[in-house]
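Residue-level listing of the chains:
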Amino acid sequence: MRGLTASTFFLALEKSAHLLGAMLVMVAVARMLGEEVLASYVFVIGLTAFFVPILDAGFNNRVIKSVASHEGLGQGAVAEALAYKLTLALPTVIMMGVVSWASGEPYELLVAVLLVGVSTVGMSIGDAFNSALKGLQRSEYSALLIGGLNAALLLSSLVLILCGGGLVGVAMCFAVCRLGYAVAGAIVLRRVAPAEGPLGLTPVRGRQIADGLKHLASVYFLGNLLHVNYITTYVSSGEAESADFAIGYRVAAALLVLCTAGLEAVLPHVAGRFRTEGYSRRSLTRTFAIYGGIGLAVALVTQVAATPAVW
């Protein structure tokens, strides 16, 4: 269990970096650009995040499970995940732009949506490499990648805002930093697992997509309910009315991600144990309960600590 505890710690650190980075960028936008721009910024983030399950389709968890089961990287689940994500990249970004245009928002918002849409594709591709690292139970690299991504995103956003870049400038930072995350993920994975051969692209068939959907995280459905709720509020009520709601919505969405840290650490551990020595149903239930509870506890503590800052 020691390795599992360490993995849980680093994945909690990774999720915390996501949470803290998102919160600090949001605070910077609110303080330096005003409440109306904050509302528009959260609309852009929520709209693009709504399409994340389409780009994922369970392939990230499938990669974790496959790599942990020693099924290989180069021509295995990672290659299939990359092929799937790249195939859907352009259609997904176009859909984001169409929804933004149909909502009747200004041209500047459409540009921001497209830029963050491109960043969402980069993030999804980087997550495929990151999932392989988690499957190898090298979650310390996952924490390092996500921490570096959010530090770069925060610093570049501050610089662009100070230089008068506005909402579009922040969206450009998202695009550059998240595409950089994808490149860094590929480099780190190749260094961690050099013996696996070159990473390629394997044509994805319906069987792989169906298998991926079985691994789709339920947190996406809860997150998308929050995204739809905010987008509806923003479009119907306008920037001024939805600015306050934006803060609570983003905190809630981030906490949904944070509480999965323990369970995400359990997946590669269990997959590897099943292959080598088996796992009793009782031990499996106990492991999921303990480490799922740890993730939930971390999320609750974070919520309590964040409440004074929100108010």
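Check the entry above for the structure.
Keep in mind that this is a model prediction, so the values were computed, not measured.

Visitor: Just checking my understanding: could you explain the overall build of the protein chain for this structure?
Guide: Check the secondary structure of the protein chain and you find 13 helices and zero strands. The 311 residues of the protein chain split such that 49% are buried. Within the protein chain, contacts between residues at least 6 apart in sequence are counted, and of these 82% link residues at least 24 apart. Accessible surface, the protein chain: about 14400 Å² in total, of which carbon and sulfur atoms supply 67%.

Visitor: When you look at unusual backbone geometry in this model, what are you seeing that I'm missing?
Guide: What you tend to see is this: most non-glycine residues have negative phi, and most peptide bonds are trans. Its identity is not glycine, yet A57 carries a phi of approximately 50°, on the positive side. Note on placement: A57 falls in the loop between α3 (52-56) and α4 (59-68).

Visitor: Please clarify how helix α7 (residues 139-162) should be interpreted in this entry.
Guide: Given 3.6 residues per turn, any residue in an α-helix points the same way as the ones three and four places further on. The end-to-end C-alpha distance of α7 is 35 Å, a good match for the 34 Å that 24 residues give at a rise of 1.5 Å each. Count one or two residues on from α7 and you reach G164, which has phi positive near 85°.

Visitor: Whenever I open this one, the packing of α4 against helix α5 (residues 77-102) confuses me. Can you help?
Guide: If you want to describe how two helices pack, look at the angle between their axes and the distance between the axes. Interaxial distance between α4 and α5 falls to 9 Å at its minimum, and their mutual angle equals 165°. Judged by the angle between their axes, α4 and α5 are roughly antiparallel. Viewed along their axes, α4 and α5 form a crossing whose handedness is left-handed. Side by side, α4 and α5 meet where F59, N60, R62, V63, S66 and V67 of the first sit next to A77, V78, E80, A81, Y84 and K85 of the second. Of the residues belonging to the contact of α4 with α5, the class tally is seven nonpolar, two polar and three charged.

Scoring rules and cut-offs
- Residues numbered from 1 in each chain as written.
- Predicted model: local features only at pLDDT ≥ 70, side-chain atom pairs only at ≥ 80, totals over all residues.
- Heavy atoms only, no water.
- Helix = DSSP H or I, 4+ residues; strand = E, 2+ residues; numbered from the N terminus.
- Buried < 20%, exposed > 50% of the residue type's maximum accessible area, 1.4 Å probe, protein only.
- Contact = heavy atoms within 4.5 Å.
- Areas by Shrake-Rupley, 256 points an atom, 1.4 Å probe, with all protein chains shown as cover.
- Expected span 1.5 Å × (residues − 1).
- Axes fitted to C-alpha atoms, helices over the stretch in contact; angles between N-to-C directions.
- Parallel < 35°, antiparallel > 145°, perpendicular 65-115°, else oblique.
- Left-handed = near helix turned anticlockwise from the far one by under 90°.
- Nonpolar A, V, L, I, M, F, W, Y, C, P; charged D, E, K, R; others polar.

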